[in-house]
Amino acid sequence: MEQKDTQWPLWEVFIQSKSGQPYKHAGSVHAADKELALLNARDVYTRRNEGTSIWVVPAEYIVASTPEEVGPFFDPANDKVYRHPTFYEVPEGVKYL
Amino acid sequence: MSNLSTQELETKFQQKIDANEYIEPKDWMMDKYRYNLIRQISQHAHSEVVGMLPEANWITRAPNLRRKAGLLAKVQDEAGHGLYLYSAAETLGISREELLNQLLTGKAKYSNIFNYPTLTWADIGAVGWLVDGAAIINQVMLQRASYGPYARAMIRICREESFHQRQGFEIMVTLCQGTAEQKAMAQDALNRWWWPSMMMFGPNDKDSPHSSDMAKWRVKRESNDDLRQRFVDRVVPQADFLGITVPDDKLKWNAATQHYDFGEIDWTEFHNVINGNGPCNRERLNARIKAHEDGKWVRDAAVAYANKKRKKAA
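Every value quoted in this text rests on a predicted model; they were computed, and no experiment measured them.

### Brief notes about the overall build of chain B
And step 1. Within chain B, the secondary structure is distributed over 13 helices and 2 strands.
And step 2. A compact globule built from 314 residues should have a C-alpha radius of gyration of about 20 Å, and chain B, at 21 Å, falls within 12% of that.
And step 3. Along the longest, intermediate and shortest principal axes, the C-alpha atoms of chain B span 70 × 60 × 35 Å.
And step 4. Residues classed as buried in chain B amount to 49% of the 314 residues present.
And step 5. Contacts in chain B between residues at least 24 apart in sequence constitute 76% of all its contacts with a sequence separation of at least 6.
And step 6. Only carbon and sulfur atoms are counted for the fraction: they give 53% of the accessible area of chain B, which is about 15,500 Å².
And step 7. Mean positive and mean negative side-chain charge positions of chain B (42 and 39 charges, respectively) differ by 8 Å.

Here it is, written out as structure tokens:
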């Protein structure tokens, strides 16, 4: 599709701070295409060597849960203490559990 | 990068691994590395999924609500862990459909341990204690495997699994502090699960066909025999605490090595189970196939609904 405005599409930027680490959201940039999005992300978010790798993702493809629904949305996990290790008793003196 | 020869790319790839750096999905990687990782990660994913079956067998018969909730949460976790691992495998360029197909046609393997039956409630204790205990030893090592998505999935899995082993051990403690009959159940479960758990670490190092490449690529950072020894050293004192006996008359503390010595695994049984002749191989696969077929209408309905909404929006 031909781009008509001069604002360019929005890209969300994810940076890996160190080899092996998960990619974390850093912010976003505007860019006309994916190569430029990567260069812009580099120039905007890693000026001090903050990363070993960058992902850019078209912002329109991000689907987000809504803050207003945070209660009911995450409710299923709220009353399930038995999903946590502290729910189970480890007798004193037993190691590696 | 594209100007480099394959030889140069391979050298750089190995240097990166040797420098303890991680390989990400978009990075150049050797075909053999990709192939072997798909095999290992998908086997791991299949094991999580098939591993739900022997435990699900007892959800409706758990002795009380506390046990039932704990077991249910554990089985849900295994489903989640299967999904993390399928996703990690898919970053290597294989589709979910193909992975599932390999499982359901019997082309792909999953951990041998899940071809053994859970005959009594004590087996649920033994599985959590021994099978998850063995899996955790292996998975802790894999948290630093060279493939980024695999390593990160392992970190998440290990964090979540810390309760699995505990819930199993708690069941064992309760049984061992109960009646003589309950304690005998615990002993019987240990008798049946000990050797299959020992086999989870795979063949002895001298007979392990896939180990050398995987070690070179920093996927397997420790050897089968070293991991197995760690398992024995950790679990035997736990069995002592429970007051039940590991079924190995060669098992003995060795003061010189500061490790337990132990007997030889029955490798004939190991190979029999791998080759499809374990007690439950056919039952497990049929259960997976049935679950997949029974779920077809749900998958179809989801797609039909999405298509309908798209049409309405257009």
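Moving on from the model shown.
### Thoughts on the confidence of the model for chain B
And step 1. In this model, chain B carries a mean pLDDT of 96, and residues with pLDDT of at least 70 account for 99%.
And step 2. Taken over the whole predicted complex, pTM reads 0.93, whereas the ipTM for its chain interfaces reads 0.85.

### A few points about the interface of chain A and chain B
And step 1. Across the boundary between the two partners, chain A contributes 21 residues, which contact 20 residues of chain B.
And step 2. In this assembly, chain A packs against chain B so that about 2,000 Å² is buried in total across both faces, 64% of it on carbon and sulfur atoms.
And step 3. Considering only the surface of chain A that becomes buried against chain B, Tyr88, Tyr96 and Leu97 of chain A emerge as the three largest contributors, covering 32% of it.
And step 4. On the surface where chain A and chain B come into contact, there are 0 salt bridges.
And step 5. Our enumeration of links across chain A and chain B arrives at 9 residue pairs in polar contact (both at pLDDT 80 or more).
And step 6. Its residues placed into classes, the side of chain A that touches chain B shows 11 nonpolar, 6 polar and 4 charged.

### Some remarks on helix H1 (residues 6–18) of chain B
All names here are of chain B.
And step 1. The end-to-end C-alpha separation of H1 is 18 Å, in line with the 18 Å expected for 13 residues at 1.5 Å each.
And step 2. Buried within H1 are the following residues: Leu9, Phe13, Gln14 and Ile17. The buried residues of H1 occupy an angular sector of 130° when projected down its axis, which confines them to one face. Opposite its buried face, H1 presents the exposed residues Gln7 and Asp18, each directed more than 90 degrees away.
And step 3. Residues of H1 that are buried in the fold lie against helix H2 (31–50) and helix H9 (211–216).
And step 4. In the segment just after H1, Asn20 is the residue with positive phi, at about 65°.

### Some points on unusual backbone geometry
Residue and element names in this part refer to chain B.
And step 1. Even without being a glycine, Asn20 presents a positive backbone phi close to 65°.
And step 2. Within the fold, Asn20 resides in the loop between H1 and H2.
And step 3. Relative accessible area serves as the criterion here: at 45%, Asn20 is assigned to the partly exposed category.
And step 4. In this structure, Arg218 takes a positive phi of about 60° despite not being glycine.
And step 5. Looking at the secondary structure, you find Arg218 in the loop between H9 and helix H10 (224–242).
And step 6. Judged by relative accessible area, which is 7%, Arg218 ranks as buried.

Definitions and limits used
- Residues numbered from 1 in each chain as written.
- Chains lettered and ligands numbered in written order.
- Predicted model: local features only at pLDDT ≥ 70, side-chain atom pairs only at ≥ 80, totals over all residues.
- Heavy atoms only, no water.
- Helix = DSSP H or I, 4+ residues; strand = E, 2+ residues; numbered from the N terminus.
- Rg over C-alpha atoms; globule rule 2.2 N^0.38 Å.
- Buried < 20%, exposed > 50% of the residue type's maximum accessible area, 1.4 Å probe, protein only.
- Contact = heavy atoms within 4.5 Å.
- Areas by Shrake-Rupley, 256 points an atom, 1.4 Å probe, with all protein chains shown as cover.
- Lys, Arg positive; Asp, Glu negative; His and termini not counted.
- Charge placed at Lys NZ, Arg CZ, Asp CG, Glu CD.
- pLDDT = per-residue confidence, 0-100.
- Buried area = accessible area lost by both parts, 1.4 Å probe.
- Salt bridge = Lys/Arg side-chain N within 4 Å of Asp/Glu carboxyl O.
- Polar contact = N/O pair within 3.5 Å; in protein donor to acceptor, adjacent residues only side chain to side chain.
- Nonpolar A, V, L, I, M, F, W, Y, C, P; charged D, E, K, R; others polar.
- Expected span 1.5 Å × (residues − 1).
- Arc of directions from axis to C-beta.

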